[in-house]
Structures are given as C-alpha cells and as structure tokens.
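# Chains, contacts and geometry: an overview
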Amino acid sequence: MKQLITLLAVMLSITTFAFNDPDPERNGSITGSVIDKALQEPIPYVSIVIKDLTGEIITGGITDENGEFTIEGIPEGKSNLSIQYIGYKTYNTEIEISKKNRKLNLGRIELEEDIEALDEVVVRAETTTIQQKLDRKVITIGKDLVTAGPTAADIMNN
C-alpha cells in the first residue's frame with residue numbers, strides 16, 4: 001500500500017511539473033526614450049500603446065519627465081507599438097517578444113512635429129449688450145458665465 005501511495009505521489013508530481021511552464025515569466029518588456037527630432041530634447045508624458053495584430057490594446061504607458069519609458073507585461077509574439085503626442089506625428093512599429101529576447105531596448109525614438117495638425121486659433125469674444133430703446137430695454141445675453149442662470153429673473157439680477 002505504501003508503494004502505491006508513493007508511486008501515485010511521484011506520478012502526480014511529474015504530471016504537475018510537466019504541465020507547469022519552467023519559465024513563469026513569459027511576458028516581456030520594452031524600454032526606450034522619446035525625444036523631439038528638431039530640438040533633440042526629451043518629451044515628457046508621451047502616450048505609448050501596445051496592441052496585438054488585430055488592433056486590440058494589450059497594455060501601455062507614458063514617458064516620465066526625462067522622456068524615458070518602461071512597459072512590462074507584453075505577451076510573447078508580435079505586437080504593434082504606437083507612440084503618440086499632441087502636435088507630433090504618430091510613430092508606429094512592430095515589435096516581437098520571443099524566448100530569446102524578452103527585454104527589448106528601443107533606444108532613442110525621435111518624434112517629428114506635425115505642422116499640418118497645428119492650425120490657427122481664432123478667439124471670439126461675446127459680450128452682453130444693453131440697448132436702451134424708447135419703450136423698452138433690450139438685453140442681449142452672451143455666453144459668459146456671469147450672465148448664466150436658470151431663469152430670466154436670475155439673468156437680470158446678474
């Protein structure tokens with residue numbers, strides 16, 4: 001009976017060991033830094049998104065104040081990397097995490113300004129005007145916060 005229990009224990013441990021991956025860290029990581037191409041200065045708080053080949057977001061992160069980033073938890077296989085920042089062209093590339101290379105260093109990534117995305121800004125001011133007529137007073141309400149109110153009486157009081 002003891003031999004049977006010992007045999008079952010050995011078989012169970014072999015089976016458990018066979019189904020467990022000897023390398024529990026199957027996920028990889030990437031590191032790098034993002035700089036402005038023209039100024040050669042780091043860009044802080046840049047968005048970095050890792051997507052699978054179908055376009056579903058896996059993970060992501062942002063750069064620190066020095067423009068550097070580290071993203072962990074990237075599954076094994078090919079993924080798409082997208083680096084985005086307002087006013088700059090989006091940087092896209094394909095990365096591959098493999099058993100031999102779980103830690104990728106992308107080095108310095110230079111983002112180029114997107115001149116076409118930056119357009120002119122038009123500022124328009126609206127004011128509240130009061131016109132005094134012979135028989136009435138005409139008040140034109142602008143969109144400023146001072147004249148905002150739920151009723152006409154509240155607007156007149158303001």
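A few points on the structure. (Residues numbered from 1 in each chain as written. Predicted model: local features only at pLDDT ≥ 70, side-chain atom pairs only at ≥ 80, totals over all residues. Heavy atoms only, no water.)

## As for the sheet that holds strand 1 (residues 28-36)
Spatially, 4-1-7 is the arrangement adopted by the three strands of the open sheet, whose pairing is mixed. For this open sheet the edge positions go to strand 4 (68-74) and strand 7 (103-111), each flanked by a neighbour on one side alone. Averaged over all neighbouring strand pairs, the angle between strand axes comes to 20°, with direction disregarded. The pairing of strand 1 with strand 7 spans seven bridges and is classified as parallel. If you follow Val 34 over to strand 7, its bridge partner there is Ile 109. (Pairing = 2+ DSSP bridges. Helix = DSSP H or I, 4+ residues; strand = E, 2+ residues; numbered from the N terminus. Axes fitted to C-alpha atoms, helices over the stretch in contact; angles between N-to-C directions.)

## Concerning the pattern of salt bridges
This model, assessed by the stated rule, comprises five salt bridges. Among the ionic pairs, Glu 94 bridges to Lys 78, the shortest N-O distance being 3.9 Å. Here the residue Glu 94 occupies a position in strand 6 (residues 91-97), and Lys 78 occupies one in strand 5 (residues 77-84), the gap between them amounting to 16 residues. Here Glu 94 falls in the partly exposed class, since its relative accessible area comes to 46%. Look at Lys 78 and you get partly exposed, because its relative accessible area is 43%. Arg 136 is the partner of Asp 135 in a salt bridge, and the nearest nitrogen-oxygen pair spans 3.2 Å. For Arg 136, a relative accessible area of 45% gives the class partly exposed. (Salt bridge = Lys/Arg side-chain N within 4 Å of Asp/Glu carboxyl O. Buried < 20%, exposed > 50% of the residue type's maximum accessible area, 1.4 Å probe, protein only.)

## Description of the pairing of strand 1
Counted residue by residue, strand 1 has eight buried out of nine residues, so it is predominantly covered. Of the pairings in the sheet, the one linking strand 1 to strand 4 comprises six bridges and is antiparallel in character. Residue pairing across strands places Gly 32 opposite Phe 69, the latter belonging to strand 4.

## Overview of the packing of aromatic side chains
Within the structure shown, the criterion is met by one aromatic pair. With a centroid separation of 5.7 Å and 45° between ring planes, the pair formed by Tyr 85 and Tyr 88 is classed as tilted. According to the relative accessible area criterion, Tyr 85 is partly exposed, its value standing at 31%. On the accessibility criterion, Tyr 88 (16% relative accessible area) is buried. (Phe/Tyr/Trp six-rings, centres within 6.5 Å; stacked < 30°, edge-to-face > 60°.)

## Let's talk about the pairing of strand 5
One ladder, built from five bridges, connects strand 2 (residues 47-51) with strand 5; its direction is antiparallel. Among the inter-strand pairings, Lys 51 is bridged to a residue of strand 5, identified as Asn 80. Bridge count for strand 5 against strand 6 is seven bridges, and the pairing is antiparallel. Bridge assignment links Asn 80 to a residue of strand 6, and that residue is Glu 94. Adjacent in sequence and paired antiparallel, strand 5 and strand 6 are bridged by six residues, among which Gly 87 carries a positive phi angle near 90°.

## Here's the deal with the nonpolar core
Side chains that are nonpolar tend, in soluble globular proteins, to be buried together. Ile 30 and Ile 83 are the most contacted members of the largest nonpolar core, which totals 17 residues. Of all elements in the fold, only strand 1, strand 2, strand 4, strand 5, strand 6 and strand 7 reach the threshold of two or more residues within this core. Excluding its chain neighbours within four sequence positions, the residues that come into contact with Ile 30 are Ile 50, Phe 69, Thr 70, Ile 71, Ile 74, Leu 81, Ile 95, Leu 104 and Leu 106. (Core = buried A, V, L, I, M, F, W, Y, C linked by side-chain atoms within 4.5 Å. Contact = heavy atoms within 4.5 Å.)

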